[in-house]
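Fold and geometry: a report
Listed below are the residues making up each chain.
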Amino acid sequence: MSDPKPQSPEKREFIAKSKTYWNPGKTQAWQDMGVDLVIDRREGYLLWDMDGRRLIDLHLNGGTYNIGHRHPELIEVLNRGTQRFDMGNHHFPSQARTALAERLARICGGDMHYTMYASGGAEAIDIALKTARHATQRRKIVSIVNAYHGHTGLAVAAGADRFKKIFLSDNPEEFVHVPFNDLNAMEDALKGKDAACLIMETIPATYGFPMPLPGYLQEVKKLCERYGSLYVADEVQTGLMRCGEMWGYQRYGITPDLVVTGKGISGGMYPIACVIVREPYAGWLTQDGFAHMSTMGGAELGCLVAMKTLEILERPTVKPMVNYISETFRNGLHEIMRLYPDFFVGIRQCGVVMGLEFDFPEGAKPVMKHLYENGVWAIFSTLDPRVLQFKPGVLMTADLCAEVLERVERSVGLAYAECLGRGGRGKIRAA
Amino acid sequence: MTAIVEEILAGEQRATGAADLMLQTAEWAAAAYARFDRARVLKIARAAAEVAYAHAGELAEAAVKETGFGVVAHKKIKNELTSRALFELYAHEDFCSARIRAEVKMVELPRPAGIVFALTPSTNPVCSVYYKVLMALVTRNAIILSPHPLARGCSVKAAQLMAEAAEGAGAPLGIIQVIEQPNLPLIEHVMKSPRVGVILATGGTPMVRSAYSSGNPAIGVGPGNAPALVDDSADLNHAAKRIIESKSFDNSILCTNESVVLAVESIADRLLQALKSAGAHVAKPEEVAALRELLFGRGTFNVEVLGKSAVEIGARIGLKLPPNTRVILAEIDRIGIDEPLSKEKLCPVLGFLRVPHAQGGITQARALIRLSGAGHSAAIHSQHAPTILAYGAAVKALRVVVNAPCSQGAAGYGTHLAPAFTIGTGYFGSSSVGENVGPQHLVNWTRIAYNEDPAEAFGDFSVLDAWAGGPALALGREAPMSLGRLQEGADSVQDPMPLPTSSAGTIDEIAILREEIRRMVLEELRGALRS
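Just so we're clear, the structure is a prediction, and the values are computed from it rather than from any experiment.

Parameters at a glance
- Sequence order as written defines the numbering, with residues in each chain counted from 1.
- Chains carry letters from A onward and ligands carry numbers from 1 onward, assigned in written order.
- Residues qualify for local features only when their pLDDT is at least 70, as the model is predicted, and side-chain atom pairs are given and counted only at 80 or more; totals for whole chains, interfaces and linings, by contrast, use all residues.
- Where side-chain values are given, they derive from all heavy atoms of the structure, hydrogens and water being excluded.
- Each helix corresponds to a stretch of at least 4 residues labelled H or I by DSSP, and each strand to a stretch of at least 2 residues labelled E; elements are numbered beginning at the N terminus.
- In this setup the radius of gyration rests on C-alpha atoms only. A globule is expected at 2.2 Å times the number of residues raised to 0.38.
- The classification of residues rests on relative accessible area computed with a 1.4 Å probe and restricted to protein chains. Under 20% of the type maximum is buried, over 50% is exposed, and intermediate values are partly exposed.
- Only heavy atoms matter for contacts: two residues are in contact if any of them lie within 4.5 Å across the pair.
- What sets the accessible areas is the Shrake-Rupley method with a 1.4 Å probe; for residues, cover comes only from the shown protein chains.
- Charged residues are defined here as Lys and Arg on the positive side and Asp and Glu on the negative side; His and the ends of the chain fall outside this count.
- To locate a charge, take atom NZ for lysine, CZ for arginine, CG for aspartate or CD for glutamate.
- DSSP-based pairing: two strands are paired if at least 2 bridges between them are found.
- To get an axis, fit a line to the C-alpha atoms, keeping to the stretch in contact for a helix; angles then go from 0 to 180 degrees between the N-to-C directions.
- Marked domain ranges trace back to an automatic or database domain assignment.
- When two parts are put together, the accessible area they lose, computed with a 1.4 Å probe and summed over both, is reported as buried area.
- In what follows, salt bridge is the name for a side-chain nitrogen of Lys or Arg lying within 4 Å of a carboxyl oxygen of Asp or Glu.
- Two N or O atoms form a polar contact when they lie within 3.5 Å of each other; inside protein one atom must be a possible hydrogen donor and the other a possible acceptor, and for residues adjacent in sequence the pair counts only when both atoms belong to side chains.
- Ten residue types, Ala, Val, Leu, Ile, Met, Phe, Trp, Tyr, Cys and Pro, are classed as nonpolar, four, Asp, Glu, Lys and Arg, as charged, and the remainder, Gly among them, as polar.
- To estimate how far a helix should reach, multiply one less than its number of residues by 1.5 Å.
- Arc definition: directions from the helix axis to the C-beta atoms.
- Here roughly perpendicular refers to angles of 65 to 115 degrees, roughly parallel to angles under 35, roughly antiparallel to angles over 145, and oblique to all remaining angles.
- Throughout, a crossing is termed right-handed when the near helix is turned clockwise from the far one, and left-handed when it is turned anticlockwise from it by less than a right angle.
- Aromatic pairs are defined between Phe, Tyr and Trp rings, using the six-membered ring for Trp, whenever the two ring centres lie within 6.5 Å; interplanar angles under 30 degrees are classed as stacked, those over 60 as edge-to-face, and all others as tilted.
- Charge-over-ring placement is defined geometrically: NZ (Lys) or CZ (Arg) within 6 Å of the ring centre, and within 35 degrees of the ring normal.
- Note on handedness: a clockwise path from strand one over the helix to strand two, with the strands aimed away from the viewer, defines a right-handed crossover.
- For every residue, the predictor assigns a confidence score, pLDDT, that lies between 0 and 100.

A count of helical and extended segments in chain A gives 16 helices and 15 strands. For 431 residues, the compact-globule estimate of 2.2 N^0.38 gives 22 Å, and chain A sits close to it at 22 Å. Principal axes of the C-alpha set define a box for chain A whose edges measure 65 × 55 × 45 Å. Here chain A holds 431 residues, and the buried ones make up 62% of them. For chain A, restricting intrachain contacts to residue pairs at least 6 apart in sequence, the fraction spanning at least 24 positions comes to 72%. Element-wise, carbon and sulfur atoms account for 52% of the exposed surface of chain A, whose accessible area totals about 16,200 Å². The average position of the 49 basic charges and that of the 50 acidic charges among the side chains of chain A differ by 1 Å.

In this section: the sheet that holds strand β15 (residues 443–449) of chain B. All names here are of chain B. Taken together, 3 strands build an open sheet; the order of strands is β1-β2-β15 and the sheet is antiparallel. Looking at strand neighbours, the two that pair on one side only are β1 (99–101) and β15, the edges of this open sheet. Mean inter-strand twist for the sheet, computed between neighbouring axes without regard to direction, equals 25°. Pairing of β1 with strand β2 (residues 106–112), which is carried by 3 bridges, proceeds in the antiparallel orientation. Residue pairing for β2: Ile 100 is matched across the bridge by Val 107.

Turning next to the domain arrangement of chain A. Residue and element names in this part refer to chain A. Here chain A is described as being made up of domain 1 (9–63 + 317–421) and domain 2 (72–313). Inter-centroid distance (C-alpha atoms) of domain 1 to domain 2 is 27 Å. Taken together, the 26 residues of domain 1 in the interface contact 26 residues of domain 2. For the domain 1 face of the interface with domain 2, the top three residues by lost area are Cys 350, Val 353 and Leu 383, together amounting to 32%. Between domain 1 and domain 2 we count 1 salt bridge in total. At the boundary of domain 1 with domain 2, the tally comes to 6 residue pairs in polar contact (both at pLDDT 80 or more). Elements that contribute at least two residues to the side of domain 1 that touches domain 2 include exactly α3 (60–63), α14 (318–339), β11 (344–350), β12 (353–358) and β15 (384–390). At 4 residues, the largest contribution of residues to the side of domain 1 that touches domain 2 is made by α3. Here the residues of the side of domain 1 that touches domain 2 are counted per class, giving 12 nonpolar, 10 polar and 4 charged.

Between chain A and chain B, the contact holds 67 residues from the first and 53 residues from the second. Carbon and sulfur atoms supply 59% of the area that chain A and chain B bury against each other, a total of about 5,400 Å² over both sides. Linking chain A with chain B are 2 salt bridges. Across the pair B:Glu478 and A:Arg251 runs a salt bridge, and its minimum N-O distance is 3.5 Å. Along the contact surface separating chain A from chain B lie 26 residue pairs in polar contact (both at pLDDT 80 or more). When residues of the side of chain A that touches chain B are assigned to their parent elements, the largest contribution, 15 residues, is made by α14(A).

Quick look at the pattern of salt bridges now. Summed over all chains, the structure comprises 50 salt bridges over all chains. With a shortest N-O distance of 2.9 Å, A:Arg106 and A:Glu314 are connected by a salt bridge. Here A:Arg106, found in helix α5 (residues 95–108), pairs with A:Glu314, found in the loop between α13 (300–313) and α14; they are 208 residues apart in sequence, far enough to count as distant. Ionic pairing is found between B:Arg292 and B:Glu339, a salt bridge with its closest N-O pair at 2.8 Å. Taken together, the residues B:Arg292 in helix α12 (residues 285–296) and B:Glu339 in the loop between β11 (327–331) and β12 (349–355) connect sequence positions 47 residues apart. For B:Arg292, a relative accessible area of 28% corresponds to the partly exposed category. Taking relative accessible area as the criterion, B:Glu339 reaches 3% and is therefore assigned buried. A single network of salt bridges, built from pairs that share partners, joins A:Glu73, A:Lys308, A:Glu311, A:Arg315, B:Glu6 and B:Arg14.

Time to look at helix α1 (residues 9–22) of chain A. Residue and element names in this part refer to chain A. Taking 1.5 Å per residue, 14 residues should reach 20 Å; α1 reaches 19 Å between its end C-alpha atoms and fits that length. Listed as buried for α1 are Lys 11, Ile 15 and Ser 18. Buried positions in α1, seen along its axis, are confined to an arc of 55° and lie on one side of it. Exposed side chains of α1 directed beyond 90 degrees from the buried face belong to Pro 9, Glu 10, Glu 13, Thr 20 and Tyr 21. In this structure, the buried residues of α1 make contact with α2 (24–32), β2 (46–49) and α15 (364–373).

Attention now moves to the packing of helix α3 (residues 38–54) of chain B against helix α5 (residues 72–91) of chain B. Residue and element names in this part refer to chain B. Orientation of α3 relative to α5, taken along the N-to-C sense of each, is 165°, at an axis distance of 7 Å. Classified by the angle their axes make, α3 and α5 are roughly antiparallel. As α3 packs across α5, the resulting crossing turns out to be left-handed. For the pair α3 and α5, contact is made by Arg 38, Leu 42, Ala 45, Arg 46, Ala 49, Glu 50, Ala 52 and Tyr 53 and by Glu 80, Ser 83, Arg 84, Phe 87 and Ala 91, respectively. Here the residues of the contact of α3 with α5 sort into 7 nonpolar, 1 polar and 5 charged.

With that settled, consider the packing of aromatic side chains. If you walk through the whole model with that rule in mind, you get 17 aromatic pairs over all chains. For the ring pair A:Phe180 and A:Tyr216, a centre distance of 5.5 Å and an interplane angle of 80° mean the geometry is edge-to-face. Of this pair, A:Phe180 sits in the loop between β6 (175–178) and α9 (183–190) while A:Tyr216 sits in helix α10 (residues 216–227), placing them 36 residues apart in sequence. We classify A:Tyr216 as buried; its relative accessible area is 0%. A centroid spacing of 5.0 Å and a plane angle of 70° characterise the contact between B:Tyr450 and B:Phe458, whose relative ring orientation is edge-to-face. In this structure B:Tyr450 comes out as partly exposed when scored by relative accessible area, which is 29%. Given a relative accessible area of 21%, B:Phe458 falls into the partly exposed group. These aromatic residues form a ring-pair network of at least three members: A:Tyr340, A:Phe343, A:Phe344, A:Phe358 and A:Tyr416. One residue, B:Arg40, lies across the ring of B:Phe36, its end atom 4.0 Å from the ring centre. The aromatic ring of B:Trp467 is capped on one face by B:Arg140, whose charged end is 4.4 Å from the ring centroid.

With that out of the way, let us pick up the pairing of strand β8 (residues 226–230) of chain B. Residue and element names in this part refer to chain B. Of all 5 residues that make up β8, 5 are buried, and the element is covered over most of its length. Residues Ala 226, Ala 228 and Val 230 line one face of β8 and the alternating positions Pro 227 and Leu 229 line the opposite face, and both faces are buried. In this region the chain leaves β8, passes through helix α10 (residues 236–248) and returns to the parallel neighbour strand β9 (residues 258–264); the handedness of that crossover is right-handed. In terms of strand pairing, β8 meets strand β13 (residues 375–381) through 3 bridges, oriented parallel. Of the residues in β13, the one forming a bridge with Ala 228 is Ala 379.

Two faces, one strand: in a regular strand the side chains alternate between the faces of the sheet. Residues and elements named next belong to chain B. Burial within β9 is extensive, with 7 of its 7 residues counted as buried. Alignment of β8 against β9, held across 5 bridges, turns out to be parallel. Bridge pairing in β9 places Ala 228 opposite Val 261.

Residue and element names in this part refer to chain A. Looking at the element boundaries, Leu 383 is found in the loop between β14 (380–381) and β15. The sequence separation of Leu 383 and Cys 419 amounts to 36 residues, and the corresponding C-alpha distance is 20 Å. Look past the residues within four positions of Leu 383 in its chain and what remains in contact with it is Asn 146, Ala 160, Thr 206 and Tyr 207.

The predicted model of chain A averages 94 in pLDDT, with 97% of residues at 70 or higher. Considering only residues more than four positions removed or in separate chains, one finds that residues 423–431 of chain A, a stretch of pLDDT under 50, has 17 contacts.

Below, the structure is given as structure tokens:
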């Protein structure tokens, strides 16, 4: 194993400052995990640490950098936009907001006519949940055990205990959690006909991308219809072509009542998130259009960037490209699995949404560390640390994919030796 | 969307950004396709050729309608020849398999260029698309086409039909792509892309020069200006018929058409007579002056007469020619910069110059090609081998067609030259290729060369498959979905592993079988899910 490069004095000093002024707990946790990353320059799917080390970004901050860092067309549109617009005044009709809403309506189809704007994903989730409550006049929100929807009031309450108890923000009366892929539990939660909605990520990211079992989401949607609850699809990490279609839910043959998109829609360039709502459930927009507002929600510059992001993703070549990238990784990773069958045991995959399974307690953490030391940045799943979140961008080139696979093979070998070599559970393969 | 928003979104990088994505997709397609075996490649190329053949007439009509150039019936013939016939020809050669040459202890492996970037002209739009696509397909290359804007509609349609057929027959997605809104800056952007393997440039000289200065390997060819020498040993009736047949073919739009007939004085009058009988109108001196003004009055060739019929061109100078007139003959008294009619004429106006003897004809033929058309084509009608040889050696043309129509003959129809719509003009014509361009130009070979010492034995490669092994091929058809093993509920679903590439020809069957197994498992699971 190559020794990690020693830190420069500048970096050491900076990390100390980060602990002093920003976030001591988080800063230290990364150092403890062997990841001393301070991201400096970035371009396409590449990052450079402040000490100059190059990393291929397979984290993408949850798909925020889906089409790459600092995409040149996004920089261009942002520059052009600032010649005329700023964030705008959220009280008034806006050319950019309406144009993006119109585009999203066309993309989503059906009666998904309305778009509500937020400045981030969690705020958008709150808007979606409030909208569902208004439409159904019910309070209860059903979500998945260990779900993750962000950190604002309603969003954090719908998520895992991990992030709400510390802030005394749990609310078990109104927020019910059911296990993923369990239809009986889902039916039990909904059959009281008192749930405003079910909210779920099409594939739960922070949970390590467990895949919906065949037919599960369709049955869930049917249950929602049967018991009068709305289906809110959190497509923050699964949307925008990452599953091979514009929205992940399309791969599972369902049409939700509300769709939340964030992260990638901003192109990583200007914060914005959106809720797209079916016409019958957007009643508050007519009843009292001022009922929810957000100064920075749907900032006009963000709308321009989002429109360009969607324009790029809608180009006819992108779909085959996502297919190629996801096929290439599946095929290449299977070759690596053959080398370490008792360690690297499975691949959860829907397009470029991927979770790599390591059959060892917290097995994804050493893999993450060795990947980091070998020039690839991918993050383990907070809520299932046996699983490495493996999230290539949808515009990755063939050469970069090949480079990633070569680096993954080397890093998995090193992690294998670290996890299983000493314990005598397996043979050490010369890496 | 309001105009202001649209204007902000319409950045300068929109077109080049989209083109870069096409290149990236083509790169994936090329990587997979380069591992296909010959049977599978031929299946794909045949499917593309067949759909091209089936639409030969329809697209010939569309091309004439869109560009106003040429003759529908002749374009249909060209389209047919560049689809089914060309495929049959190429299918005889193997650009996909290893060649084992035990006698020199060498194995040769074909290595495709990767991405072929092909510019296609307005004059021969559909057949050029057909020809370039088929060359790319049989050599396991991906191709991106950029049609001439004047022939955009029919060219895009032709490319899309072939793409659908190729993909339907199993080609990786994006193997054939077409730029639907080409413009000069965009073309230059793509030409300079490091992803391009080779540029196949057919078009005007500036475009060809631009291809050569892009920094990428390029095959571009120069213009033609073919002399046709008729000596006193020629069969004059045959010669006349062949010249008229050639010069009137598709209204003389092929760059291999005859520019000036060089007639040896002793047979010149009889040849004129024979040309008249074959369908030529011999222009009177004042008509020649009018033609000169019409064709070259503005300095360069007037594209308004490009590919127009003799009758239409006659009408433009106030002549009412009989409808069966096929060519207008313009007698000139010199070859050179001071006689514009001795330049290339992509219309059925044919120069006619009397020369005192064959040697004088050779001198004038050299002069003609000095003017333009270096490295291109020349024709001779003669029974006299020494003259034919002397002509071939003296004239700076890389194909000399003997006793045949030059338009067709130099392009490989009616001679044994390779059928082609890109005519290599070689070093005379500032081109990298001197032959008629064919699939062999789109593939390199890796040569595995053993030590010649007899003590080093040559390996046995006869049963090996060069393209086997390694991960399964990505074909771009569907983004995979799979459950892992550690996830709850996944234990009942065993994901079939993608099989490594064995013989690429068997992938279809394996993929179908795997899909079948997957479907059965999922059905079963769906039932079990609620229990």
